[in-house]
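Working through the structure, step by step
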Amino acid sequence: MESLKKKIREIPDFPKPGILFYDITTLLRDGEAFREAVRTFVERYRDRDISAVVGIEARGFIFAAAVAHELGVGFIPVRKPGKLPYKTIRKSYSLEYGTDTVEMHEDAIRPGDRIVLIDDLIATGGTARAVADLIHECGGELVEIGFVIELDFLKGREQLKDYPVFSMLTYQE
Ligand code: AMP
């Protein structure tokens, strides 16, 4: 699994100076690597009686949809504001400067649904925390939050301490 790290391209100073950006497009471009990442999630969740997989726009969609397809369950998109056409519920969370908001269709999750939430990367954990809280407020049971990449030094897990968390690849500073 650690060999997957070699498939992730690291871009310094993107999108702004001081940020090291983990570019998963190189992993996605490699059929075996993409399949291994998806398979790791699928094997983990196959026997957990999952009702649906939630993915976060945009890179989270790619993994979450593939995992949902393999599990034979539905996919639920969480998007940036104003993109979803039906009635939504939303959650705002704070960033370094300002706030951001995530939205989900209000009827996407039914009480008692067993949900896996998947995103490509956890940095500060703010995004995943907002989505996890939305799922919880809808009555969904969050079985686990799964990431391909965890930036351990940003301590995002502390934001998610109410929920089980799994990450495939961990990076130290
Ligand atoms: P956060 O809310 O801080 O955990 O940020 C998580 C979201 O921002 C994820 O959906 C990532 O796609 C993106 N992100 C944050 N930092 C990076 C980074 N260094 N490289 C790639 N994506 C990042």
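Note that the structure is predicted; figures quoted are calculated from it, not measured.

1. Section: the site of the ligand
Near the ligand there are 14 residues, and of these Leu20, Arg59, Thr124, Gly125 and Thr127 occur at the shortest range. Taking Asp120, its side chain carries an N or O atom lying 2.9 Å from an oxygen atom of the ligand. Here Thr124 contributes a side-chain N or O atom positioned 2.5 Å from an oxygen atom of the ligand. Spatially, the ligand is embedded in the largest pocket. Considering each element in turn, the shell around the ligand owes the most residues, four residues, to strand β7 (residues 114-122).

2. What about the layout of surface pockets?
The volume enclosed by the largest pocket comes to roughly 1300 Å³. Lining the largest pocket are 42 residues, and of these Leu95, Leu121, Ala123, Thr124 and Thr127 lie nearest its centre. Those elements that provide at least two residues to the lining of the largest pocket are β2 (20-23), α3 (59-71), β5 (88-94), β6 (99-105), β7, α4 (126-137) and β8 (141-151). Residue composition of the lining of the largest pocket, by class: 21 nonpolar, 10 polar and 11 charged.

3. A closer look at the sheet that holds strand β3 (residues 52-56)
The strands making up a sheet are joined through hydrogen bonds of the backbone, oriented either antiparallel or parallel. Spatially, β4-β3-β7-β8-β9 is the arrangement adopted by the five strands of the open sheet, whose pairing is parallel. Every interior strand has two partners, whereas the edge strands, β4 (74-78) and β9 (165-171), have only one. Looking at each pair of strands side by side, their axes are set apart by 15° on average, direction ignored. Note: β8 against β9, six bridges, orientation parallel.

Cut-offs applied
- Once a new chain begins, its residue numbering starts again from 1 and follows that chain's sequence as written.
- In keeping with the predicted nature of the model, local features appear solely for residues at pLDDT of at least 70, side-chain atom pairs appear and are counted solely at 80 or more, and the whole-chain, interface and lining totals rest on all residues.
- Only hydrogens and water are set aside when side-chain values are computed; all heavy atoms of the structure are taken into account.
- Proximity criterion: a residue is near a molecule or strand once any of its heavy atoms comes within 4 Å of it.
- Polar contact is defined as a pair of N or O atoms within 3.5 Å, subject to the rule that within protein one atom must be able to donate a hydrogen and the other to accept it, and that residues adjacent in sequence are counted only when both atoms are side-chain atoms.
- Think of a 1 Å grid over just the protein atoms. A cavity is a set of points where a 1.4 Å probe fits yet cannot get out, a pocket is an open set with protein on both sides within 12 Å along at least five of seven lines, and lining residues have an atom within 4 Å of a point.
- Molecule-in-pocket calls rest on the fraction of atoms, with more than half required to lie within 2 Å of the cavity or pocket grid points.
- We count a stretch as a helix when DSSP gives it H or I for four or more residues in a row; a strand needs E for two or more, and each element gets its number in order from the N terminus.
- Grid points are joined across faces, edges and corners, and a volume is the space filled by probe spheres set on the points.
- Note on residue categories: nonpolar means Ala, Val, Leu, Ile, Met, Phe, Trp, Tyr, Cys or Pro, charged means Asp, Glu, Lys or Arg, and polar means any other residue, Gly included.
- Two strands are counted as paired when DSSP detects at least two bridges linking them.
- The angle between two axes is taken between their N-to-C directions and runs from 0 to 180 degrees, where each axis is a line fitted to C-alpha atoms and a helix contributes only its stretch in contact.

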